[in-house]
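# Summary of the model geometry
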Amino acid sequence: MRVLVAEDARALADLVAEGLRDQGMAVDIAYDGLAAAVKLDVNGYEVVVLDRDLPGLHGDTLCQMITERDERPMVLMLTAADSPADRVAGLGQGADDYLVKPFHFPELVLRLRALARRRPYARARILRTAGVELDPVRRSATRDGRPLDLSVKEFEVLAALLRAGPGFLSSEALLEQVWDEHADPFTNTVAVTVGRLRRKLGSPPVITTLPTVGYRIADPEPDPGLEA
């Protein structure tokens with residue numbers, strides 16, 4: 001899941017982003033509304049954590065702009081105001097959920113995952129290919145019924161490949177979906193993570209590599225053009 005945290009309190013924004021990354025999410029940060037608008041034009045997000053009182057471009061205005069998009073992200077609006085009128089006003093701008101500061105971080109994580117599932121074009125809940133089954137909600141994965149002990153990034157890479165299948169995903173696409181905008185495009189992180197994932201999935205191999213194109217997960221079959 002790729003998330004944009006739009007929050008002008010830098011310490012809070014950085015803390016939230018770090019916590020969400022520990023949960024396996026790819027997170028970008030914007031400290032004002034104008035920066036958030038630019039990032040929304042450049043990157044695709046599933047959920048935006050939006051402070052209502054952003055400087056530069058108010059959170060209400062940014063929320064309205066988001067709701068006008070064809071394939072818009074879900075919006076979780078943050079505010080320090082806790083009156084019913086404030087909550088109604090925030091939801092009236094098009095926000096999908098509302099959370100009052102200060103909040104409990106586990107609740108934030110649960111709300112973000114729930115919003116991603118509610119997204120109109122969200123993928124099927126259970127992902128299955130080539131004997132591999134992944135449940136994004138329960139954060140579980142199996143191969144032919146055998147539980148897989150995956151790291152956070154291995155799990156997210158597997159989920160991305162399953163969603164894209166039977167098509168290929170490039171290293172750049174995996175970096176964008178699983179890491180964030182600060183990931184080094186020249187790093188071998190993707191290749192290393194895929195290598196560990198292959199070993200944990202076991203034989204016969206189901207992740208194949210097409211040089212200069214990317215990675216794919218599919219039922220194992222002979223194909224001289226592919227390198228396992």
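The paragraphs below set out a description of the structure included in this document. These numbers come from a predicted model, not from an experiment. (Residues numbered from 1 in each chain as written. Predicted model: local features only at pLDDT ≥ 70, side-chain atom pairs only at ≥ 80, totals over all residues. Heavy atoms only, no water.)

Another aspect to go through is the sheet that holds strand β7 (residues 132-135). Strand order in this open sheet of four strands is β6-β7-β8-β9, and the pairing throughout is antiparallel. Both outer strands of the open sheet, β6 (127-129) and β9 (146-147), are each paired with one neighbouring strand and no more. (Pairing = 2+ DSSP bridges. Helix = DSSP H or I, 4+ residues; strand = E, 2+ residues; numbered from the N terminus.)

This brings us to the packing of helix α6 (residues 152-164) against helix α8 (residues 189-201). Relative orientation of the contacting elements α6 and α8 amounts to 85°, with a least axis distance of 10 Å. It follows that α6 is roughly perpendicular to α8 by the angle criterion. Facing α6, whose interface residues are K153, E154, V157 and L158, α8 presents T193, V194, R196, L197, K200 and L201. Per-class residue counts for the contact of α6 with α8 are five nonpolar, one polar and four charged. (Axes fitted to C-alpha atoms, helices over the stretch in contact; angles between N-to-C directions. Parallel < 35°, antiparallel > 145°, perpendicular 65-115°, else oblique. Contact = heavy atoms within 4.5 Å. Nonpolar A, V, L, I, M, F, W, Y, C, P; charged D, E, K, R; others polar.)

Spatially, the five strands line up as an open sheet ordered β2-β1-β3-β4-β5, and their pairing is parallel. In this open sheet, the two strands that pair with only one neighbour each are β2 (26-30) and β5 (97-100). Geometrically, the sheet is characterised by an average inter-axis angle of 20° between neighbouring strands, direction not taken into account. Bridge count between strand β4 (residues 74-79) and β5: four bridges; the pairing is parallel. Each residue of the ladder has a partner; that of M77, found in β5, is Y98. In this fold helix α2 (residues 33-42) packs onto β1 (2-6), β2 and β3 (47-51), with an angle of close to 140° to the strand it touches most, β2.

Another point: the nonpolar core. Within the largest apolar cluster, 27 residues are counted, with the highest numbers of intra-cluster contacts made by L158 and I207. Of all the secondary-structure elements, those providing two or more residues to this core are β7, α6, α7 (171-178), α8 and β11 (214-217). Considering each element in turn, this core owes the most residues, seven residues, to α6. Counting 22 residues, the second-largest nonpolar core is a separate cluster that includes A13, A17, L99 and L108. (Core = buried A, V, L, I, M, F, W, Y, C linked by side-chain atoms within 4.5 Å. Buried < 20%, exposed > 50% of the residue type's maximum accessible area, 1.4 Å probe, protein only.)

Tracing the backbone through its elements, the reader meets D96 in the loop between α4 (84-92) and β5. Side chain to side chain, D96 and R72 meet in a polar contact 2.8 Å long. One polar contact links the side chain of D96 to the main-chain amide nitrogen of V75, over a distance of 2.7 Å. (Polar contact = N/O pair within 3.5 Å; in protein donor to acceptor, adjacent residues only side chain to side chain.)

Burial in helix α3 (residues 59-67) covers these residues: G59, D60, L62, C63 and I66. Along the axis of α3, the buried residues cluster in a sector spanning 160°; they form a single face. (Arc of directions from axis to C-beta.)

Glancing now at the pattern of salt bridges. Under the defined criterion, the tally for this structure stands at 13 salt bridges. Between D96 and R72 there is a salt bridge whose closest N-O contact spans 2.8 Å. Within this pair, whereas D96 is found in the loop between α4 and β5, its partner R72 is found in the loop between α3 and β4, the two being separated by 24 residues in sequence. Assigned by exposure class, D96 and R72 land together as buried. Linking R111 and E107 is a salt bridge whose minimum nitrogen-to-oxygen distance equals 2.8 Å. Remark: E107 and R111 occur in helix α5 (residues 105-118); sequence separation between them is four residues, near one turn of the helix. Owing to a relative accessible area of 30%, E107 belongs among the partly exposed residues under this scheme. Residues joined in a network through salt bridges with shared partners are E7, D51 and K101. (Salt bridge = Lys/Arg side-chain N within 4 Å of Asp/Glu carboxyl O.)

Our next topic: the pairing of β3. By the criterion of burial, β3 is predominantly enclosed, with five of the five residues buried. Here β1 runs beside β3; their pairing, made up of four bridges, is parallel. Across the sheet, residue L4 finds its bridge partner in β3, namely V48. By the bridge criterion, five bridges tie β3 to β4 in an arrangement that is parallel. Bridged to V49 within β4 is L76.

Moving on to the environment of L112. Checked against the element boundaries, L112 lands in helix α5. For the pair L112 and M74, spaced 38 residues apart in sequence, the C-alpha to C-alpha distance is 8.8 Å. In this view, L112 contacts M1, L20, M25, V47, V49 and L76; residues no more than four positions away in its chain are not counted.

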